[in-house]
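Coordinate analysis (summary)
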Amino acid sequence: MTRIHATAVSIGGKAVLLTGASGAGKSDLALRLIDRGAVLVADDQVELTVREARLFASPPATIAGRIEVRGVGIVTKAFAENMPVALIVDLDAVPERLPEAQMRVLSGVAVSLAALDPREISAPLKVELLLSSCPTALD
């Protein structure tokens, strides 16, 4: 098992890892995705495990079902665990206008990678579009 600094949500049974520096907007984007029907997996720290050459995301037990909402505090939400990771969204990278498909290797498993600006109003929709079109070993 590996623990990474990220926030994860599940959309349609597939986990999306939101990565970026502290204050990049991971929790805020996750909250907006949850408002659209996503389920929290983990906020701030995500545990990754590999099974049968697939990567799975879960929350550490100490923070399961909790998300930090800046200006509000720690909020309790329903959560999912052991969700197959299908997409990594890098909130620190500069998004390209017409990006080429990219991958990032985590724990020896290649995962689709995209860069987004989490402050854009359309960011949650972009995450959903990326997830629906990214190649995965899950389909």
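Residues numbered from 1 in each chain as written. Predicted model: local features only at pLDDT ≥ 70, side-chain atom pairs only at ≥ 80, totals over all residues. Heavy atoms only, no water.

An unreviewed UniProt entry lists the protein under the name HPr kinase/phosphorylase, with Sphingosinicella xenopeptidilytica as the source organism.

1. Some thoughts on the overall build of the protein
Summing up its helical and strand segments, the protein has two helices and eleven strands in all. Helices and strands appear in the protein in the N-to-C order β-β-β-α-β-β-β-β-β-β-β-β-α. Principal axes of the C-alpha set define a box for the protein whose edges measure 40 × 35 × 25 Å. Burial statistics for the protein: of 139 residues in total, 45% are counted as buried. In the protein, of all internal contacts separated by at least 6 residues, the share reaching a separation of at least 24 is 65%. When the accessible surface of the protein is summed, it comes to about 7,500 Å², and 53% of that surface belongs to carbon and sulfur atoms. Put simply, the protein has 14 plus and 16 minus side-chain charges, and the middle of one group is 2 Å from the middle of the other. (Helix = DSSP H or I, 4+ residues; strand = E, 2+ residues; numbered from the N terminus. Buried < 20%, exposed > 50% of the residue type's maximum accessible area, 1.4 Å probe, protein only. Contact = heavy atoms within 4.5 Å. Areas by Shrake-Rupley, 256 points an atom, 1.4 Å probe, with all protein chains shown as cover. Lys, Arg positive; Asp, Glu negative; His and termini not counted. Charge placed at Lys NZ, Arg CZ, Asp CG, Glu CD.)

2. With respect to the packing of aromatic side chains
The tally for this structure, following the rule as stated, stands at zero aromatic pairs. Stacked on the ring of phenylalanine 56, the Lys or Arg arginine 51 has its end atom at 3.9 Å from the ring centre. (Phe/Tyr/Trp six-rings, centres within 6.5 Å; stacked < 30°, edge-to-face > 60°. Lys NZ or Arg CZ within 6 Å of the ring centre and 35° of its normal.)

3. Section: the environment of valine 46
Relative to the elements of secondary structure, valine 46 occurs in strand 5 (residues 45-51). For the pair formed by valine 46 and arginine 104, sequence separation is 58 residues and the distance between their alpha carbons is 16 Å. Discounting residues that sit within four places of it in the chain, valine 46 has contacts with Thr2, Arg3, Ile4, Ala6, Thr7, Ala8, Leu17, Ala57 and Ser58.

4. Concerning the UniProt feature "domain: HPr kinase/phosphorylase C-terminal" (unreviewed entry) in the protein
Annotation from UniProt places "domain: HPr kinase/phosphorylase C-terminal" (unreviewed entry) at residues 2-76. Regarding residues 2-76, the helix share stands at 13% and the strand share at 52%, and the terminal C-alpha atoms are separated by 24 Å. (UniProt positions renumbered as here; feature names shortened; annotations may be inferred.)

5. Points about helix 2 (residues 123-133)
The set of residues buried in helix 2 consists of Ala123, Pro124, Val127 and Leu131. Down the axis of helix 2, the buried side of the element spans an arc of 105 degrees, and every buried residue falls inside it. Exposed and oriented more than 90 degrees from the buried face of helix 2 are Leu129, Ser132 and Ser133. Contacts made by the buried residues of helix 2 are with strand 2 (7-11), strand 3 (14-19), helix 1 (26-35) and strand 9 (83-90). (Arc of directions from axis to C-beta.)

6. Concerning the nonpolar core
When a protein is soluble and globular, its nonpolar side chains tend to lie buried together. Within the largest apolar cluster, 22 residues are counted, with the highest numbers of intra-cluster contacts made by Val9, Ile11, Val16, Leu18, Leu33, Val89 and Val127. Elements supplying a minimum of two residues to this core: strand 2, strand 3, helix 1, strand 7 (66-69), strand 9 and helix 2. Of all the elements, helix 1 adds the most residues to this core, at four residues. Not counting chain neighbours up to four residues away, the residues in contact with valine 127 comprise Ile11, Val16, Leu29, Leu33, Leu87, Val89 and Leu116. Formed by 19 residues, the second largest nonpolar core is a distinct cluster that contains Ala80, Ile88, Val111 and Leu113. (Core = buried A, V, L, I, M, F, W, Y, C linked by side-chain atoms within 4.5 Å.)

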